[in-house]
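Per-entry structural report
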Amino acid sequence: MWDVLLALLAVLGLTAFLTLYARLPAALGPLTALSLAGLWLAAWGMAGALAVGGWTLYLACWGLGGWALVRRRESWRQLLTPGLVLFLMMALGVTVYFAVRQPIPTDFDEYSLWATAAKLTKANDALYTVGETGTPWQATQTPSLILMGYFAQFLGRFAYWKVYVGYDWLLFACFAAVLGRLDWKKYALAVPAAVACWCAPWFFTTYNRTIFLSKVYMNSYGDIPAGVLFGGAVALWLALRAADGPRWPVVPVLAFAALAKDNLFPVMLVAAGMAAADWFFFPDAGPFRKGWPRRLGFSALTCAAPLAAYLAWSRYIAGLAALNAAEGGMGVTSQSLPSVVINGVKMLLGLPVADYYEERRWRFVQAGQDMVSAFFKDELSMLGPGVVVLGLIVALLLAGILLAKGARLRARGGVLLAVGLAGFVGYNFVLRLSYAFIFREEQCVGLVDYNRYIYPYYIGLFLIALAWLLAAAQSHPAPQWRGLAAGALVLALGGGMLLRTNQFILPQYSVLGFSQAEFDDQNLIQRKADAVAETVEPGSRIFFVSQGDNGLRWFSYSCDLLPLILDYSGDIDGGGGGGGTFGLPELDNGNLYYHPYTLEEFRTLVEESGCAYILVDAVDEI
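So, a few notes on the structure that sits alongside this text. Keep in mind that this is a model prediction, so the values were computed, not measured.

Quick notes on the rules
Residues numbered from 1 in each chain as written. Predicted model: local features only at pLDDT ≥ 70, side-chain atom pairs only at ≥ 80, totals over all residues. Heavy atoms only, no water. Salt bridge = Lys/Arg side-chain N within 4 Å of Asp/Glu carboxyl O. Helix = DSSP H or I, 4+ residues; strand = E, 2+ residues; numbered from the N terminus. Buried < 20%, exposed > 50% of the residue type's maximum accessible area, 1.4 Å probe, protein only. Phe/Tyr/Trp six-rings, centres within 6.5 Å; stacked < 30°, edge-to-face > 60°. 1 Å grid on protein atoms, 1.4 Å probe; cavity = no way out; pocket = protein on both sides within 12 Å on 5 of 7 lines; lining within 4 Å. Points joined across faces, edges and corners; volume = space filled by probe spheres on them. Nonpolar A, V, L, I, M, F, W, Y, C, P; charged D, E, K, R; others polar. Core = buried A, V, L, I, M, F, W, Y, C linked by side-chain atoms within 4.5 Å. Contact = heavy atoms within 4.5 Å. Polar contact = N/O pair within 3.5 Å; in protein donor to acceptor, adjacent residues only side chain to side chain.

A separate point is the pattern of salt bridges. Summed over all chains, the structure comprises 18 salt bridges. Two residues, D3 and K162, come together in a salt bridge whose shortest N-O distance is 2.8 Å. Highlighted residues: D3 in helix α1 (residues 2-20) and K162 in helix α7 (residues 160-179), separated in sequence by 159 residues. Overall, D3 belongs to the buried group, its relative accessible area being 1%. Across the pair R247 and D284 runs a salt bridge, and its minimum N-O distance is 3.0 Å. Within this pair, whereas R247 is found in the loop between α9 (223-242) and α10 (250-258), its partner D284 is found in the loop between α11 (265-281) and α12 (292-326), the two being separated by 37 residues in sequence. On the basis of relative accessible area, R247 is assigned to the buried category, the value being 15%.

The description of an aromatic ring pair uses the distance of the two centres, along with the angle that the planes make with each other. Here the structure, examined in full by the defined rule, presents 49 aromatic pairs. Between the aromatic rings of F230 and Y457, the centroid separation amounts to 5.2 Å while the plane-to-plane angle is 45°, which identifies the pairing as tilted. Of the two residues, F230 sits in helix α9 while Y457 sits in helix α19 (residues 450-474), which places them 227 residues apart along the sequence. Grouping residues by exposure puts F230 and Y457 together as buried. Aromatic pair Y356 and Y357: ring centres 5.1 Å apart, planes at 80°, arrangement edge-to-face. With a relative accessible area of 27%, Y356 lands in the partly exposed category.

A cis amide bond, omega 10°, links L562 with the succeeding residue P563. Positive phi, close to 50°, is recorded for D125, a residue that is not glycine. Mapped onto the elements, D125 comes out in the loop between α5 (108-124) and α6 (144-152). With phi around 45°, L447 is a residue other than glycine that occupies positive phi space. By secondary structure assignment, the location of L447 is in the loop between α18 (441-445) and α19.

Moving on to empty space enclosed by the protein. According to the stated counting rule, one finds 1 cavity of 30 Å³ or more in the structure shown. Put simply, the largest cavity is a space of about 30 Å³. Around the largest cavity sit A10, V11, L14, A33, L34, A37, C61 and F151, which together line it. Secondary-structure elements contributing two or more residues to the lining of the largest cavity are α1 and α2 (29-46). Classifying every residue of the lining of the largest cavity by side-chain character gives 8 nonpolar, no polar and no charged.

Take the nonpolar core next. Ranked by size, the top nonpolar core spans 194 residues in total, and within it F87, F151, W169, Y458 and F462 carry the most contacts. Per element, the largest residue contribution to this core is 19 residues, and it comes from α19. Setting aside its immediate chain neighbours within four residues, F151 contacts A7, A10, V11, L34, A37, L41, L57, Y58 and W169. In terms of nonpolar packing, the next biggest core, distinct from the first, is built from 9 residues, M347, V353, F364 and L433 among them.

Here we take up the side chain of T129. Here T129 is to be found in the loop between α5 and α6. On the basis of relative accessible area, T129 is assigned to the buried category, the value being 6%. A distance of 2.7 Å separates a polar atom in the side chain of T129 from a polar atom in the side chain of Y316.

In structure tokens form, the structure reads like this:
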């Protein structure tokens, strides 16, 4: 655990420097520090020297923090704000608790991508995109979140729970940004706001009383963190505008957020649009025309930052994909996002489109109809369907607008609301295009994972509404009634969310008191993998047999055995591979992970696989 605590010390060191020397409000320090750290590691990773980037980052954070505390020791009380204390207490609490409880992944996509990418990065001290696995595809997931897991355990050995800790630090940093410039005299606002932040990831993702573990803070998927980053980036901007300090920290935060999750990049453009519009249309002082070129330049930089980061990563991945294809692997396997957007707009306008898109027009129509139905009918939160969730968020923003002091501040809230709603429409359009032209046909027909793709927007927009409500409450001197009303609304919101969350999620089904039995199956696989690793020669390639597997056990062993390579065995050309289930062709049940072979074909497959061992995990009558 010492390595994780040293990583936390690095975050606090950079935060101290940013607060004491760059005049950044202390509550905004952790999010700015983590964003700068993530961008730094991503740049060094793309350059092929991730370990160098890690060492220089740690030394710089410790050195700058120590120097700032020594030179400005008389100002250290500036660090003791509710937001920074909230971050520190949450970060320490989850670090110690997870170090004791040792949670590990259990979900399919954690092993098929997220956790495996984190382990590859740590094992090789290089981006997961260049790590060797048994899979035939190029790992192209954007790097921000995965590098948080790397940063948290850079100095120690890999452990899955440390990945969760890195993710959670980022969430807590965003919560601190929502609290913004609240001081200790505003504890009546700070406490319920912190409670609302803690409950938000559960509140907008849990839609019935759970009987299984709800792993909001023990999950390496990118959906929830990306949604929280969306809200945290805008909350940070609102706090920067209220402070007499720098404005630049929003730029690295937005750039870092753009690399959180590939399909949520449009959401981060919405965050950039909110900050840019707020800065351009509402100068700090004086008439609109005064200094407008300078404001326009900074607004353009705000929007360009996430775009530049995303394009840089896309170019890096395109180079890897081309190299992979040249070596006999897979190159680009899906339509580009610009092409998808252009042809989708053409369809809306009734213009002719390319054959690829014309063949999938029915999917475009069906996805649109199904998403409208889901918005009005599907339960996906503790409040019910999306229409109710969006209604609550809009009501909070309207309340903040009405209770804010002065027409100018209310107008700023109106712009936030307008951009947020326009972004919601735009993001839904991007989702529709994804289901129609990027995802597999069965994903479109069943609107698979729609909840996972839409709730990040709700989480982020809610945090923005909460941050705006806090700003409205602070805009009035006590005891002005509008300020009191906004404070009462924050108190009611925090208390109501805590009550509702307690009704839906009992402590034993949350991170607060989970049973160790939740992880028994995966712990057994991990112990088997450890035993295999001790038995075989280093660098071995292993053929895998696990009858009846749906792919999860293959992905689990593939991750747990790293750096050993579990062969991607089976009929790859036919769309299969992985899974480890084999049988005669006449017994083929149509399952994606069933590989039909005659005895002679199977023998040839094993002999030509290049594997030195066969790992038999499970057998059956066939």
